[in-house]
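Read off the chains here:
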Amino acid sequence: MIAKAPQGGKRGADTGGLLRYLFGPGKANEHTNPHLIAAWDPEWLAGGAFAEQIGERGWITTLARDIDAAMTGHDVQLEAGHVYHVALSLPAADGALDDSTWKTLVDDAVEQMGFGPKPDGSGGCRWVAVHHGKSADGNDHVHLLVNLVRGDGTVAGTYRDWPRWREWCLAVEERLDLTRTAPAGAGRKGTSRAELERAKTAGTTTEREQLAEIVANTAVTALNEMDFLARLRLRDVQVKPHVSGGKVVGYAVALAASAGGDKPSWFAGSTLRRDLSLPRLRSRWEDLGEKWDVYAIEWWSGNRRAELVEQHRSRLAWKSVTRHLQQAEAVLQNEPAADPVRWHQTVGELADLIVVLTRFDSADGNLREVGDQLTRAAQLERGQGHPGPRLREVAVPLLVAATQAAIACKDPAPLVLAGVLLLVLGIVRILQAVTEQHGQRLRSAARQQINVAAKNLGRHPSLAARIVGFEDYATSQRQEPTDRPDTGVQVGDLHMSRPASDQGASAAQRPGMRRQVVPPLRKYGRGR
């Protein structure tokens, strides 16, 4: 439940005018059955002495005069207005409450907010509550009108009324088991009537809801801020930055302009949902460093060429594949998948990754064979049953994440693919070692297939030509250290040499081939 002020504000000075609106058809004929459900004086309710006047000519003027009687009698004038107006509304999912329940709630709210009589029974405010039924967006609601001048001429206090309303609404939700709404300052901004009308005309959800879904989904799959922007534009979402102090501190989005040429409706990220503001999104992603501030405005403004964006996305995707594989290898080293079900699922996820990587393979089907062997090794014996949903242990989700990232990759530099395959080989060898220690728990065919897969993967040209000390080439490749400058890349505990054909190229000609040392893994997670 929420308590909110109408568009015109919660304070006014025309009691009769507000009553005529509340009992009228509304701005969009949304008041289908307005009726009085509670009042300071029960004589205005059904069965009371004044209730028979309701509906007759001039009855609203009479009710307004009665509500303002104490103010008129004490000759009190309030600069901000004596009328206090609040709407109490339920989420559409909670349906509707009957008049009796609403009356009980309103009576309690008046007491809790300090509009009721004093302990001696004197000095209460005059007020009424009008039940409208469901609003244009399906929310059952009532309106509370209060004259803030009490019966003794004093004025009811409204200091910090919204926090008190919020506390009361949360208590009602708990008591009646209603949908829990977010505390003040959380959630998303309410939908305006104009948005609802446009959505109704188009026969769709509101633009705010559509954009919130698109931005949320994009934020989950994006690797960082640049990737986020690229993905939004691929979905025809218009983006513009909010710049302050020479830095991008926020953003707004809009759906692509319609064929009719209507101007787009822009929504700040924080108005879609609080957790879609730019600072909160940045906390999820990889930190691009201080240099990003220099280029952020240019990227957000769409001044970067599309092909550069795509190239950068691919590089980020390959980095993500490598990171997830490093983490998965570290997890399996500490906690080998000794359980048969875990072992088979891990092998199966690794096979999926190999299948994705085959599109980058020029080694005459080597990876295709490796993928086929891993797929066969992952099969359970007949009669053993299905493994069920993916286990929630850490290694399997990491392999799934690596496969999903690989789907977004483009053709890599040879050394990048070799580095990824080397990490895959490390994981295959861990699984191979499990078969040696716990082979009796796995079928013999699976043990043989994982061994063949490891052997074939080790013979992949990108690995065989680059790994110094690899088992099949250990004798021929091992050399004494020399004073020649290092031209290779260190990946974990293995050194990968660059072919002579690559060594003469400049750094600009071979992106990602500079010397790097992969640090020990300290923690694992989603990498966000």
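Residues numbered from 1 in each chain as written. Predicted model: local features only at pLDDT ≥ 70, side-chain atom pairs only at ≥ 80, totals over all residues. Heavy atoms only, no water.

Another aspect to go through is the overall build of the protein. What the protein contains, in helices and strands, is 20 helices and twelve strands. Looking at the protein as a whole, 44% of its 528 residues qualify as buried. (Helix = DSSP H or I, 4+ residues; strand = E, 2+ residues; numbered from the N terminus. Buried < 20%, exposed > 50% of the residue type's maximum accessible area, 1.4 Å probe, protein only.)

Quick look at the sheet that holds strand E8 (residues 247-255) now. Ordered by their spatial adjacency, three strands build an open sheet running E7-E8-E9, and the pairing between neighbours is antiparallel. In this open sheet, the two strands that pair with only one neighbour each are strand E7 (237-244) and strand E9 (267-268). Against the sheet, helix H7 (residues 207-221) engages E7, E8 and E9, with an angle of about 125° to E8. Running over the sheet, helix H8 (residues 225-234) touches E7 and E8 and is turned about 145° from E7. (Pairing = 2+ DSSP bridges. Contact = heavy atoms within 4.5 Å. Axes fitted to C-alpha atoms, helices over the stretch in contact; angles between N-to-C directions.)

It is worth spelling out the packing of helix H14 (residues 366-377) against helix H17 (residues 444-458) at this point. Running from N to C, H14 and H17 point in directions that differ by 160°, and their axes come no closer than 8 Å. Relative to H17, H14 is oriented roughly antiparallel. The handedness of the crossing between H14 and H17 comes out as left-handed. Taking contact as the criterion, the partners of Asn366, Leu367, Glu369, Val370, Gln373, Leu374, Arg376 and Ala377 in H14 are, on H17, Ala446, Gln449, Ile450, Val452, Ala453, Asn456 and Leu457. A breakdown of the residues in the contact of H14 with H17 according to their chemical character gives nine nonpolar, four polar and two charged. (Parallel < 35°, antiparallel > 145°, perpendicular 65-115°, else oblique. Left-handed = near helix turned anticlockwise from the far one by under 90°. Nonpolar A, V, L, I, M, F, W, Y, C, P; charged D, E, K, R; others polar.)

What follows covers the nonpolar core. Of all hydrophobic cores here, the largest spans 37 residues; its most connected members are Leu325, Trp343, Val347, Leu357, Leu374, Val424 and Leu457. Listed by contribution, the elements that provide at least two residues to this core are helix H12 (306-334), helix H13 (340-357), H14, helix H16 (414-438) and H17. Looking at which element gives the most residues to this core, the answer is H16, with 13 residues. Counting 29 residues, the second-largest nonpolar core is a separate cluster that includes Trp127, Ala129, Val146 and Trp165. (Core = buried A, V, L, I, M, F, W, Y, C linked by side-chain atoms within 4.5 Å.)

Assignment of secondary structure puts Gln373 in helix H14. Given a relative accessible area of 14%, Gln373 falls into the buried group. What Gln373 contacts, discounting residues up to four positions off in sequence, is Gln449, Val452, Ala453 and Asn456.

Turning our eyes to something else, we now look at H8. The buried fraction of H8 is high, at eight of ten residues. Along H8, the residues that are buried comprise Glu225, Met226, Asp227, Phe228, Leu229, Ala230, Arg231 and Leu232. One or two steps after H8, the chain reaches Asp236, where phi turns positive at roughly 60°.

Below, the discussion takes up the pattern of salt bridges. The tally for this structure, following the rule as stated, stands at eight salt bridges. A salt bridge links Lys118 to Asp152; the nearest nitrogen and oxygen atoms lie 2.6 Å apart. One end of the pair, Lys118, is in the loop between helix H4 (99-112) and strand E5 (126-134); the other, Asp152, is in the loop between strand E6 (140-147) and helix H5 (161-176), and 34 residues separate them in sequence. In this structure Asp152 comes out as partly exposed when scored by relative accessible area, which is 31%. One salt-bridge network, in which partners are shared between bridges, spans Arg273, Asp275 and Arg284. (Salt bridge = Lys/Arg side-chain N within 4 Å of Asp/Glu carboxyl O.)

Contact geometry for helix H1 (residues 15-22) and helix H2 (residues 59-67): axes closest at 9 Å, N-to-C directions at 135°. Between H1 and H2, the interaxial angle falls into the category oblique. Classified by chirality, the crossing of H2 by H1 is right-handed. Counted together, Thr15, Gly16, Leu19 and Arg20 of H1 and Ile60, Thr61, Leu63, Ala64 and Ile67 of H2 form the full contact between these two elements. When grouped by side-chain class, the residues that make up the contact of H1 with H2 number five nonpolar, three polar and one charged.

In this model, the protein carries an average pLDDT of 75, and 70% of its residues clear a pLDDT of 70 or more. Within the protein, H2 carries the highest mean pLDDT (95), whereas helix H19 (residues 474-477) carries the lowest (37). Segment residues 387-392: pLDDT under 50, and 14 contacts once partners within four positions in sequence are set aside and those in other chains are kept. Note on residues 467-528: pLDDT is under 50 here. Beyond four places in sequence and across chains, it has 84 contacts. (pLDDT = per-residue confidence, 0-100.)

This paragraph deals with the pairing of E5. Along E5, seven of the nine residues are buried, which leaves the element largely enclosed by surrounding structure. As paired elements, strand E3 (residues 35-39) and E5 share four bridges and run antiparallel to each other. Bridging from a neighbouring strand, Ala39 pairs with Val128 of E5. Examined bridge by bridge, E5 and E6 share eight bridges and lie antiparallel to one another. In the strand pairing of E6, Val128 is matched with Leu145.

For the rest of this paragraph, the subject is H4. With 14 residues, H4 extends 20 Å between its outermost C-alpha atoms, agreeing within 8% with the 20 Å of an ideal straight helix rising 1.5 Å per residue. Within H4, the full set of buried residues consists of Trp102, Leu105, Val106, Ala109 and Val110. Take H4 and look down its axis: the buried residues cluster within an arc of 135°, on one side only. Exposed and oriented more than 90 degrees from the buried face of H4 are Ser100, Thr104 and Gln112. Against the buried residues of H4 lie E3, strand E4 (83-89), E5, E6 and H5. Its side-chain oxygen at 3.2 Å from the backbone nitrogen of Ser100, Asp98 defines the N-terminal cap of H4. In the stretch just after H4, Gly114 is the one whose phi turns positive, near 85°. (Expected span 1.5 Å × (residues − 1). Arc of directions from axis to C-beta. Polar contact = N/O pair within 3.5 Å; in protein donor to acceptor, adjacent residues only side chain to side chain.)

Within the secondary structure layout, His31 lies in the loop between H1 and E3. Residues His31 and His131, spaced 100 residues apart in sequence, show a C-alpha to C-alpha distance of 9.2 Å. Among the polar contacts listed, one links the side chain of His31 to the side chain of His132, at a separation of 3.5 Å.

Turning our eyes to something else, we now look at the packing of aromatic side chains. For the coordinates displayed, the defined rule picks out seven aromatic pairs. Residues Phe228 and Tyr251 carry aromatic rings whose centres are separated by 6.1 Å and whose planes lie at 80° to one another, so their mutual orientation is edge-to-face. In this pair, Phe228 is assigned in helix H8 and Tyr251 in strand E8, connecting sequence segments 23 residues apart. The buried category is assigned to Phe228, whose relative accessible area is 0%. (Phe/Tyr/Trp six-rings, centres within 6.5 Å; stacked < 30°, edge-to-face > 60°.)

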